[in-house]
Amino acid sequence: MNSRVSTIFKLAVLAAVLAFPVFGSGFYTEMLAKVLILAIFAMSLDLLVGFTGLVSFGHAAYFGVAAYAVALVTPKYDPASLWLALPVSVAAAALVAFVIGLFVLRTKGIYFIMVTLAFAQMAYYVFHDTPLGGGSDGIYLNFKPDAAIAGWAPFDLNEPLHLYYFVAGAMLFVYGLLKLVLRSPFGRVLVGIRSNEHRMLSLGYATFRYKLAAFTLAGALAGLAGFLYAVLFGFVTPEYLSWHKSGDVLLMVILGGMGNLAGAIAGAVALVGLQELFTGMTKHWQLLMGVTIVAAVLFMPGGMTATPARIMARINGGKTNE
Amino acid sequence: MDFVSFLIQVLNSLQYGLLLFLVASGLTLVFGIMGIINLAHGSFYMIGAYLAFALTSMTGNLMLSIALGVPLAFAFGALLEWLLFSHLYKRDHLEQVLLTYGLILIFEELRSLAVGDDVHGVAIPAIFSASIPLSDNLSYPVYRLVISVVCLALAGGLYYLIQRTRLGMMIRAGSHDRDMVKALGIDINVLYRTVFALGVALAALAGMLAAPISSVYPGMGSSVLIISFVIVVIGGVGSVWGALVAALLIGFADTFGKVLLPDLAGLMVYLVMAVVLLWRPEGIFRKG
């Protein structure tokens, strides 16, 4: 796709997202909100996997920590203030990512994959085994955070429409923020680390600090997604931190096409869409999911966003870019 | 803790650690030689346990089931390598993670379709069903000792295979320099298929041995998978002896963690891993 077609396409998608609740039913509006939240989650992971070359297999930890943070700061019979709960959740996720990053960024390649997974499991067991977060049952979030500032409420998250636009706004914010970050010198260094870390080191960049900053930022944004997810669905369970969640988000990034924010969003749409399609078909929907994943890896290298170009290349009689 | 219960915990740690070694050794070999990160390895453990359940309900004898099941698992491993994994060697780790993640979903659902989602028990073979009395009210089941002995014998066998046989020589050479092995005229495809099938057979055997003590349940593969990853990382990816040491370390950490700090039991293993990685970021037995 050339850049003009691509821009028009993106604007059309944006218009559809904003106009959707006007035409769609409540059920699908909630589902689309879920997709938007998962798109934030996938974009945050793409910063690590696609742009910095760090394959984290424990990204659900930061998502879950933030979800638990909002549940834990919400009093039992009152809503928490949004302006407290949101920063606290995101900061908690960022802090956990920072501390874990100090450990895991000492490792590389396959070790990094396994070690991020192991640390996420550690976080999972903290919430699963200790009474801190209600054990394996999790916690209900009885009240959505209150957006009022000194008595004046600009919007109300209990209104499904307000919540939807809040989520959509957050998604756009993250998309814009990551675009800016990637265009900045900091982002260029990250991409440099992905292509050749030794060269970046010899150029005088303290790559560890850059990687740690990227890891923390990705954790914070995953935390934002976790916060929104907990608010949307009104409960948190240790499953939010499970390695299946980490696998799902990695799946979104890879299916969509790495190193491409639009790809991460497309991946979130595809995963939720497929889940919805397959659960409607059979109780054993995971079988279909598994077969789809295996087939995608074998026959669709480069992900969905690379597929149009591959098909075009084949139609034009040229070779694919493999 | 008095001496007898301490002794029991030590024996339990050894048994658990040695069982984990069977799973982790295959995982570390497959990575060390083919460079494949295989998330579906835990599924082979699960498949082994269900195979033990299915065969035992047909034959009525666990040992006979194991004798039948291990060759079946080996053949299954060879088939899987031929069908799927042989296409993954040139792909990056990310795609391997993804494909094998898809395989987990497939295996779990096929298991659910074939046997359902119930928890099943498998009887301990009659000759091993006794317990050795250690004090007035404490005793130790013979079957757990049998597991430890079998695993130790297999570890010894693996040592012999890798250090003393022609196949072992090829395995060691393959983990060191793949291209050179090919250049020397060794059929690398056969070598890969054998090693992969061996790993599957070992993991399945671990599942079969564990079936009577842990019972057979859905999701049993994933907990073992993640612990095995921890072991491979602690031991040093590709090092079988590292895996043995790390498996025993994890066996002790987990068993004594459950006894001494029950609230933190799930965390213990990962704390050990964090400490080891602070000390040696690439595992205890990192190969040069």
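Criteria and thresholds
Residues numbered from 1 in each chain as written. Chains lettered and ligands numbered in written order. Predicted model: local features only at pLDDT ≥ 70, side-chain atom pairs only at ≥ 80, totals over all residues. Helix = DSSP H or I, 4+ residues; strand = E, 2+ residues; numbered from the N terminus. Rg over C-alpha atoms; globule rule 2.2 N^0.38 Å. Buried ≥ 20, exposed ≤ 12 C-beta atoms within 10 Å, placed from the backbone. Contact = placed C-beta atoms within 7 Å. Nonpolar A, V, L, I, M, F, W, Y, C, P; charged D, E, K, R; others polar. UniProt positions renumbered as here; feature names shortened; annotations may be inferred. Core = buried A, V, L, I, M, F, W, Y, C linked by C-beta atoms within 7 Å. Axes fitted to C-alpha atoms, helices over the stretch in contact; angles between N-to-C directions. Parallel < 35°, antiparallel > 145°, perpendicular 65-115°, else oblique. Left-handed = near helix turned anticlockwise from the far one by under 90°. Expected span 1.5 Å × (residues − 1). pLDDT = per-residue confidence, 0-100.

Moving on: the overall build of chain A. Looking only at helices and strands, chain A features 13 helices and two strands. Taken over the C-alpha trace, chain A has a radius of gyration of 20 Å; the compact-globule value for 322 residues is 20 Å, and the two agree within 12%. Based on the C-alpha atoms only, the size of chain A along its principal axes is roughly 65 × 50 × 40 Å. A buried classification covers 47% of the 322 residues belonging to chain A. Nonlocal contacts in chain A, meaning residues at least 24 apart in sequence, comprise 74% of its contacts between residues at least 6 apart.

Counting its regular elements, chain B contains eleven helices and two strands. The secondary structure elements of chain B, listed N-terminal to C-terminal, are α-α-α-α-β-β-α-α-α-α-α-α-α. C-alpha atoms of chain B, sized along the principal axes, occupy 65 × 50 × 35 Å. Sorting the 288 residues of chain B into buried and exposed places 49% on the buried side. Taking contacts inside chain B between residues at least 6 apart in sequence as the whole, the part at least 24 apart equals 76%.

Time to look at the interface of chain A and chain B. At the junction of the two partners, chain A supplies 35 residues and chain B supplies 36 residues. At the level of elements, α5 (109-129), α10 (243-256) and α12 (285-299) of chain A are the ones that each hand at least two residues to the side of chain A that touches chain B. Among the elements that take part in the side of chain A that touches chain B, α5(A) stands out by supplying 14 residues, more than any other. Within the side of chain A that touches chain B, the residues separate by chemical class into 25 nonpolar, eight polar and two charged.

As annotated by UniProt and renumbered to match this structure, "transmembrane region" (unreviewed entry) occupies residues 16-37, 66-85, 142-162, 190-213, 225-252 and 259-279 of chain B. For residues 16-37 of chain B, the end-to-end C-alpha separation is 23 Å, with 86% helix and 0% strand making up the annotated structure.

Ala118(A) and Val230(B) are the most contacted members of the largest nonpolar core, which has 206 residues in total. If one sorts the elements of this core by residue count, helix α8 (residues 188-214) of chain B sits on top with 17 residues. With near-sequence residues (within four places) excluded, Ala118(A) lies in contact with Ile226(B), Phe229(B), Val230(B), Val233(B), Tyr270(B) and Met273(B).

Time to look at the packing of helix α4 (residues 82-104) of chain A against α5(A). A pair of packed helices is characterised by two quantities: the angle between their axes and the separation of those axes. Residues and elements named next belong to chain A. As a packed pair, α4 and α5 sit with axes 10 Å apart at the nearest point and diverge in direction by 140 degrees. Comparing the axis directions of α4 and α5 gives the class oblique. Crossing of α4 against α5: the hand is right-handed. For the pair formed by α4 and α5, the contact residues are Val96, Ile100, Phe103 and Val104 on the first element and Phe112, Val115, Thr116, Phe119 and Ala123 on the second.

What follows concerns the packing of α10(A) against helix α11 (residues 261-281) of chain A. Residue and element names in this part refer to chain A. Two elements in contact, α10 and α11, have axes separated by 7 Å at closest approach and are oriented at 120 degrees. Here α10 is positioned oblique relative to α11, judged by the angle of their axes. As for the relative orientation of α10 and α11, their crossing is right-handed in sense. Together, Asp248, Leu251, Met252, Val253, Leu255 and Gly256 of α10 and Gly263, Ala264, Ile265, Ala266, Gly267, Ala268, Ala270 and Leu271 of α11 make up the contact between the two elements.

Right, let's talk about the environment of Ala67(A) for a bit. All names here are of chain A. Relative to the assigned elements, Ala67 resides in helix α3 (residues 60-73). Residue classification places Ala67 among the buried positions, given that 33 C-beta atoms sit within 10 Å. On a C-alpha basis, the gap between Ala67 and Ala147 in space is 18 Å, while along the polypeptide they are 80 residues apart. Every residue in contact with Ala67, bar those within four places of it in the chain, is listed here: Gly226, Phe227, Tyr229, Ala230, Val236 and Tyr240.

Next up on the list: the UniProt feature "transmembrane region" (unreviewed entry) in chain A. Residues and elements named next belong to chain A. In this numbering, the UniProt entry assigns the feature "transmembrane region" (unreviewed entry) to residues 6-28, 35-62, 82-105, 110-127, 163-182, 212-237, 249-273 and 285-304. Along residues 6-28 one finds 91% helix and 0% strand; the C-alpha atoms at either end are 26 Å apart. The span residues 110-127 is 100% helical and 0% strand by assignment, and the distance between its end C-alpha atoms comes to 27 Å.

Looking at where Pro133(B) falls in the secondary structure, it is placed in strand β1 (residues 131-133). Sequence-wise, Pro133(B) and Gly48(B) are 85 residues apart; in three dimensions their C-alpha atoms are separated by 31 Å.

Residues other than glycine seldom take positive phi values, yet Ser215(B) does so here, at roughly 60 degrees. Mapping Ser215(B) onto the fold places it in the loop between α8 and α9 (220-235).

Another aspect to go through is the environment of Tyr101(B). Considering the arrangement of structural elements, one finds Tyr101(B) in helix α4 (residues 93-115). Given 24 C-beta atoms within 10 Å, Tyr101(B) falls into the buried group. Taking the C-alpha atoms as reference points, Tyr101(B) and Gly266(B), 165 residues apart in sequence, are found 23 Å from one another. Sequence-distant contacts of Tyr101(B), defined by excluding residues within four places in its chain, comprise Gly247(A), Ile293(A) and Leu39(B).

Residues and elements named next belong to chain B. The first and last C-alpha atoms of α9 sit 23 Å apart over 16 residues, in line with the 22 Å expected at 1.5 Å per residue. Of all the 16 residues making up α9, 14 are buried; the element is thus mostly covered by neighbouring parts of the structure. Residue Gly236 follows α9 closely and has a positive phi angle near 105 degrees.

Okay, the confidence of the model for chain A next. Averaged over every residue, the pLDDT of chain A is 88; residues scoring 70 or more account for 96%. Confidence scores differ between elements of chain A, with helix α13 (residues 307-315) of chain A showing the lowest mean pLDDT of 73 and helix α9 (residues 207-233) of chain A the highest of 96.

In this section: the confidence of the model for chain B. Here chain B shows a mean pLDDT of 88. Residues at 70 or above account for 99%. With a pTM of 0.87, the predicted complex shows an ipTM of 0.83.

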